[in-house]
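Per-entry structural report
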Amino acid sequence: MSAPEPTPSADNPSTPERSLNFIEQIVEEDLRTNRNGGLPVQTRFPPEPNGYLHIGHAKSICLNFGLAKKYGGKCNLRFDDTNPTTEETEYVDSIQEDVRWVGFNWDGLYYASDYFEQLYQWAEQLIQENLAYVDSQSADEMAKQRGSATVAGIETPFRNRSVEENLDLFRRMKAGEFPDGAHVLRAKIDLAETHLIMRDPVLYRIRHAHHHRTGDKWCIYPMYDYAHGQCDSIEKVTHSICTLEFETHRRLYDWCIENLRIFPSRQYEFARLNLTYTVLSKRRLLELVKGNHLAGWDDPRMPTLCGLRRRGYTPEAIRAFCDRIGVARFNSTIEMSWLEDALRDDLNKRAPRAMAVLKPLKVVVTNWPAGEVDWLDAVNNPEDASAGSRKVPFSGTLYVEQDDFMENPPKQFFRLGPGREVRLRYAYLITCQEVVKDASGNVVELRCTYDPASRGGNSPDGRKVKATLHWVSAEHAIATEVRLYDHLCRQPNPNDVPEGVDWKTTINPNSLEVVPQAMLEPSLAQAAPGSQWQFERLGYFCVDSVDSKPGQPIFNRSVTLRDSWAKAQQKAGGQRS
RNA sequence: UACCCGAUGGUGUAACGGUAGCACAACAGAUUUUGGUUCUGUUUGUCCAGGUUCGAAUCCUGGUCGGGUAACCA
């Protein structure tokens with residue numbers, strides 16, 4: 001066996017050697033010792049089709065598919081559809097779309113329900129070997145008899161039914177002779193087990209429910225613990241990776257495989273993703289959607305993959321993020337800024353730049369020749385010369401950002417103020433000569449002069465201006481809606497609420513700010529739905545793919561640019577509008 | 001409480017008995033027609049107490065703290 005990972009040699013010292021995470025170490029060790037007898041690395045991503053995928057799932061997707069890719073193995077997409085009452089094809093479809101969007105293609109597409117017949121046969125086998133029995137008590141009674149952490153469970157009176165009786169009952173369960181809850185199939189293990197999970201766990205329950213794939217063929221359905229390991233085994237999954245809460249289930253996972261004497265898939269657990277300022281549990285996400293706290297699963301504030309997609313996140317950013325956070329068994333919480341940074345990194349390289357003014361302040365250029373329009377060259381992406389340039393119109397009436405003017409600017413403020421000169425990006429240097437206010441004292445217009453020698457933004461005599469502002473020409477601007485998003489929750493940990501207080505009280509009431517009339521440079525009129533842009537000095541924005549109309553794009557702010565001025569302001573205790 | 005798992009700077013993550021490293025953040029500087037980007041530099045860490053050892057983040061014992069499990073959910 002050759003070493004799986006080449007060490008960087010002296011001639012390519014730039015190759016950074018990322019250390020292996022603990023699962024990669026296990027895989028490499030297994031490969032080295034040929035633990036699976038020459039079988040390729042086989043993983044699987046096993047979502048239950050009862051909700052939408054979120055960024056936490058992306059971690060699992062990148063791990064499972066990434067492992068297969070890295071070690072020349074395969075990764076299946078397998079729907080864990082053993083509970084027909086909660087599962088729907090709507091979710092099956094969205095999950096497939098999201099996995100593809102993140103950037104992976106599965107080798108096999110399977111459903112746990114594909115294996116119902118085999119699972120059933122194995123159940124009969126366990127009965128034959130006196131390793132499973134039919135219990136006929138209620139769920140309540142069973143719960144009582146399970147005992148507790150400190151008290152051993154007690155056996156059900158049905159525990160010692162004969163193999164024949166168990167088989168007969170189980171077959172009649174399958175045949176639909178009994179109503180829901182009348183009987184269950186249980187593993188015969190040990191009621192005194194310290195692992196509560198091993199106290200004769202339920203393997204099958206009766207559910208007269210329509211299944212999204214098998215229809216009405218079955219009225220008994222296997223439990224997760226009985227189905228999952230065997231499905232892995234059937235698919236020759238070598239490394240079955242799941243989250244930490246399944247750790248205690250591993251005993252049962254192994255028990256089933258050992259007693260059925262089938263291919264020994266092995267389970268490994270890692271810590272699920274936690275992110276600050278949001279929630280990542282299906283239950284809570286469902287709560288947000290059903291309670292109409294947000295616009296739906298794809299609301300751009302949702303941490304769902306479809307929400308992030310609509311927000312303007314790219315698959316590249318998601319993958320880079322997942323790569324950066326690592327995989328471990330420690331229960332960690334990742335700062336939301338990591339996700340945002342991953343997006344900035346990606347979009348900085350490829351998002352074309354444009355100018356847009358969110359909160360317009362009118363600027364009249366008093367010495368501009370009346371009626372004239374100057375079409376100026378603007379670079380599309382300073383990070384990418386191949387992106388070329390475009391023309392932007394300049395005229396005597398412009399808009400600049402309200403935040404870029406202060407009547408009494410402090411020393412640290414470089415932008416516009418009375419008597420100050422600044423550069424308008426790609427255009428001219430202008431100097432503020434006069435401030436016009438309305439009756440209540442609000443600044444409503446700036447009257448400025450421009451320097452004709454500064455065309456393109458050059459300083460003709462080498463004089464310095466401290467600020468370069470974005471702007472749009474008033475007569476050419478397209479006015480449209482821009483949606484500014486902020487954290488879903490106000491506090492880093494939404495779970496950190498006093499006893500009895502609903503976590504939903506931590507929802508950020510200002511997570512969405514709608515700007516109804518932002519002014520955009522005209523080239524943006526034809527921006528395609530879903531396309532991503534950097535509005536210079538503001539952030540990355542994408543065209544909303546749901547609400548935009550041809551010629552009338554609506555923009556979502558994906559993430560702001562880093563803003564050291566705003567940060568300094570906040571630190572100084574001042575608020576920024 | 002019983003069982004299981006975990007604990008390394010602000011946040012993550014390496015080091016597998018031999019110099020505590022990397023990334024992001026923070027801070028400082030340089031560059032800059034985006035207060036963006038880029039570049040350079042700096043600060044900050046092994047949960048506690050014992051033990052083994054020439055040597056412990058690593059091994060052992062005890063403790064502390066955190067998480068998980070106790071559904072006819074997955």
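Owing to the predicted nature of the structure, the values given are computational and were not obtained by experimental measurement.

So, how was this worked out
Residues numbered from 1 in each chain as written. Chains lettered and ligands numbered in written order. Predicted model: local features only at pLDDT ≥ 70, side-chain atom pairs only at ≥ 80, totals over all residues. Heavy atoms only, no water. Near = heavy atom within 4 Å. Polar contact = N/O pair within 3.5 Å; in protein donor to acceptor, adjacent residues only side chain to side chain. Helix = DSSP H or I, 4+ residues; strand = E, 2+ residues; numbered from the N terminus. Nonpolar A, V, L, I, M, F, W, Y, C, P; charged D, E, K, R; others polar. Pairing = 2+ DSSP bridges. Axes fitted to C-alpha atoms, helices over the stretch in contact; angles between N-to-C directions. Contact = heavy atoms within 4.5 Å. Parallel < 35°, antiparallel > 145°, perpendicular 65-115°, else oblique. Left-handed = near helix turned anticlockwise from the far one by under 90°. Buried < 20%, exposed > 50% of the residue type's maximum accessible area, 1.4 Å probe, protein only. Arc of directions from axis to C-beta. Domains from an automatic or database assignment. Buried area = accessible area lost by both parts, 1.4 Å probe.

Not every one of the 66 residues close to RNA strand B is listed here, only the nearest: Arg415, Gly456, Arg562, Lys567 and Lys571. Residue Asn348 places a side-chain N or O atom 3.2 Å away from a sugar or linking oxygen belonging to RNA strand B. A distance of 2.8 Å separates a base oxygen of RNA strand B from a polar backbone atom of Phe414. If you list the elements that add at least two residues to the surface near RNA strand B, you get strand E6 (202-206), helix H12 (336-350) and helix H13 (564-571). Of all the elements, H13 adds the most residues to the surface near RNA strand B, at four residues. Class assignment for the residues of the surface near RNA strand B results in 21 nonpolar, 24 polar and 21 charged.

Sheets are built from strands paired through backbone hydrogen bonds, the pairs being either parallel or antiparallel. The antiparallel open sheet is built from four strands, whose spatial order is E4-E5-E6-E7. Strands at the two margins of the open sheet, each flanked by one partner only, are strand E4 (132-135) and strand E7 (220-222). Each neighbouring strand pair of the sheet contributes to a mean axis angle of 20°, computed without reference to strand direction. As judged from the three bridges shared by strand E5 (residues 184-187) and E6, these two strands associate in the antiparallel manner. Paired with Arg186 across the strands is Val202, a residue of E6. Here helix H6 (residues 163-175) sits on the sheet and contacts E4, E5, E6 and E7; the angle it forms with E4, its principal contact strand, is near 65°.

A word on the packing of helix H7 (residues 224-234) against helix H8 (residues 250-260). One can describe the packing of H7 onto H8 by two numbers: an axis separation of 9 Å at closest approach and a directional angle of 60°. The pairing of H7 with H8 is recorded here as oblique in orientation. The chirality of how H7 crosses H8 is right-handed. Side by side, H7 and H8 meet where Asp225, Tyr226, His228, Gly229, Gln230 and Asp232 of the first sit next to Leu252, Tyr253, Cys256, Ile257 and Leu260 of the second. Split by residue class, the contact of H7 with H8 holds six nonpolar, three polar and two charged.

This brings us to helix H9 (residues 282-290). For H9, the complete set of buried residues consists of Arg284, Leu285, Leu288 and Val289. What you see down the axis of H9 is that its buried residues fit within an arc of 140°, all on one side. What points out from H9, more than 90 degrees from its buried face, is the exposed set Arg283 and Lys290. Among the residues trailing H9, Asn292 stands out with phi positive, at a value near 55°.

Quick look at the domain arrangement of chain A now. Taken domain by domain, chain A comprises domain 1 (22-270), domain 2 (291-318 + 344-350 + 482-520 + 525-577) and domain 3 (351-477). Computed over C-alpha atoms only, the centres of domain 1 and domain 2 are separated by 38 Å. On the side of domain 2, eleven residues touch domain 1, which itself brings nine residues to the contact. Carbon and sulfur atoms supply 73% of the area buried between domain 1 and domain 2, which totals about 1,100 Å² over both sides.

All right, on to unusual backbone geometry then. Of note, Asn34 is a non-glycine position whose phi angle comes to about 55°, a positive value. Within the element layout of this structure, Asn34 appears in the loop between helix H1 (22-32) and strand E1 (42-45). We classify Asn34 as partly exposed; its relative accessible area is 41%.

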